[in-house]
Number of protein chains: 2
Amino acid sequence: MDGVKKYPVPTIRRLPLYLRVIREMAEKGRTAVSATDIANALNFDSIKVRKDLAYTQVTGKPRVGYQIQELINGIRAIIGWDRNAPAVLIGAGNLGSALMGFPGFAKRGLNFVAAFDNNPAKVGQEIHGRKVYALTDLERYIEDNHIEVAVLTIPAFAAQEVADRLAKCGIRGIWNFSQLKLKVPAGMVVQNENLVSGLAVFMVRLATGCSEE
Amino acid sequence: MDGVKKYPVPTIRRLPLYLRVIREMAEKGRTAVSATDIANALNFDSIKVRKDLAYTQVTGKPRVGYQIQELINGIRAIIGWDRNAPAVLIGAGNLGSALMGFPGFAKRGLNFVAAFDNNPAKVGQEIHGRKVYALTDLERYIEDNHIEVAVLTIPAFAAQEVADRLAKCGIRGIWNFSQLKLKVPAGMVVQNENLVSGLAVFMVRLATGCSEE
């Protein structure tokens, strides 16, 4: 693909944190910021911050730092916060409902437009302003509305079947909260988010007194 | 600390997935399972599964595999699913409420007993059966009830102050969903779970067509 650049995943994960900090500074009227300022605000190492920010191609000036608005634009461009990806939620349970209710996702380019569930009691209801449709309507809705992104919050046993259906109707990416590693066609993006795995690491670290991640 | 063992974090993250798969097999009446069976069920590499399972110290037999109940016990012992850590939730918003409503956490050793919020409209209410207390009651509750674990679902700007208070009243571990790297005393465990960082990686992978994680 033309214009594809490679960014290290740990860098991508830190960029939203930098963005939050420099926005807070901008709101206080500052117009310039150094890597050290950002590092101090986040308890990070300033050399790592400087390396990460180099990917934005925004250049700082000695003793002045980066121009804040340039840096905000540079980070937003990398992490896609300027996009507006309409997304469907599949599985309108507790976790799914919470994700739809978090206003931060829309600000960051992920825009929930509808939810799907196989529970008849939920179908036809609205959750945080989005209508819940029957899972049988999934393909039709996705094709009619040119949806490319799905967020999967259903139990593991049902996840692969839904993923197969999503792959067939043009979905390009799945943010997968189910506890299953999905098989998908080449080129389809699956981003796994596994809270139970995170809890396991937390519990082991608590038991062993290991304070490092 | 005596008896501390080191487990690789990627191994710990995979163990809950193995546990789910072999439990499903046990429910169907199976009593033995091989690493290859587990690998096939999860689209994993069987050599990796075998290495991970070696940490349980359960030994499989050639052509038979592992005795399922032994393996379940061995995995549960590592990842702490047999513990019962009473936990407080701090920040009873959408995400916090969803976490409390997920029955899977209690089954996995994390037992929410109360929530705290600074919104007077929420204080005194119940969310998924747990009472919401005022944030001013935090220290008293934690000390009276010998709580050692806190789950933090508050905005970044408030997170460090709360973490400082938690450190002073005996909390040993924080599962941190706020977007801030917390400064805590040596020995205190902070496990970060950052959904916004996960979204950033997802958006970059979508934009660049990078299907590998």
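Residues numbered from 1 in each chain as written. Chains lettered and ligands numbered in written order. Predicted model: local features only at pLDDT ≥ 70, side-chain atom pairs only at ≥ 80, totals over all residues.

Structural notes on the sheet that holds strand 5 (residues 126-127) of chain A
Residues and elements named next belong to chain A. Strand order in the open sheet formed by seven strands is 5-6-4-3-7-8-9, and the pairing between neighbours is mixed. Either end of the sheet is taken by a strand with one partner, and the two such strands are strand 5 and strand 9 (189-192). Relative to strand 8 (residues 173-176), strand 7 (residues 149-152) is paired through four bridges, and the arrangement is parallel. Among the inter-strand pairings, Ala150 is bridged to a residue of strand 8, identified as Ile174. Along the sheet, helix 8 (residues 156-168) contacts strand 3 (85-90), strand 7 and strand 8; its crossing angle with strand 7, the most-contacted strand, is approximately 175 degrees. (Pairing = 2+ DSSP bridges. Helix = DSSP H or I, 4+ residues; strand = E, 2+ residues; numbered from the N terminus. Contact = placed C-beta atoms within 7 Å. Axes fitted to C-alpha atoms, helices over the stretch in contact; angles between N-to-C directions.)

Points about the sheet that holds strand 7 (residues 149-152) of chain B
Backbone-to-backbone hydrogen bonds join strands into a sheet, with any given pair of strands oriented parallel or antiparallel. All names here are of chain B. Taken in spatial order, the seven strands make up an open sheet running 5-6-4-3-7-8-9, and their pairing is mixed. Bordering the open sheet on either side are strand 5 (126-127) and strand 9 (189-192), each of which pairs with just one other strand. The sheet strands contacting helix 8 (residues 156-168) are strand 3 (85-90), strand 7 and strand 8 (173-176), and the helix crosses strand 7 at an angle near 175 degrees.

Focus: the interface of chain B and chain A
Each partner contributes to the interface: chain B provides 59 residues, whereas chain A provides 59 residues. Elements supplying a minimum of two residues to the side of chain B that touches chain A: helix 1 (9-27), helix 4 (68-79), helix 5 (94-100), helix 6 (103-107), strand 8, strand 9 and helix 9 (195-208) of chain B. Take the side of chain B that touches chain A: its biggest share by element is 14 residues, from helix 9 of chain B. Class assignment of the residues belonging to the side of chain B that touches chain A gives a composition of 32 nonpolar, 17 polar and 10 charged. (Nonpolar A, V, L, I, M, F, W, Y, C, P; charged D, E, K, R; others polar.)

Details of the confidence of the model for chain A
Per-residue pLDDT for chain A has a mean of 91; in total, 96% of the residues score no lower than 70. Taken together, the chains of this predicted complex give a pTM of 0.82 and an interface ipTM of 0.88. (pLDDT = per-residue confidence, 0-100.)

Quick word on the relation of the copies chain B and chain A
The two copies are related by a screw motion: chain B maps onto chain A through a turn of 180 degrees and a shift of 0.0 Å along the axis, at an RMSD of 0.0 Å. With respect to symmetry, the two chain copies, as superposed, fit the operation of a two-fold axis. Taking C-alpha positions as reference, the residue of chain B nearest the rotation axis is B:Ala98, located at 2.9 Å. Of all interface residues in chain B, 100% are interface residues in chain A too; the two copies therefore contact each other through one and the same surface. (Least-squares fit on C-alpha atoms with pLDDT ≥ 70 in both.)

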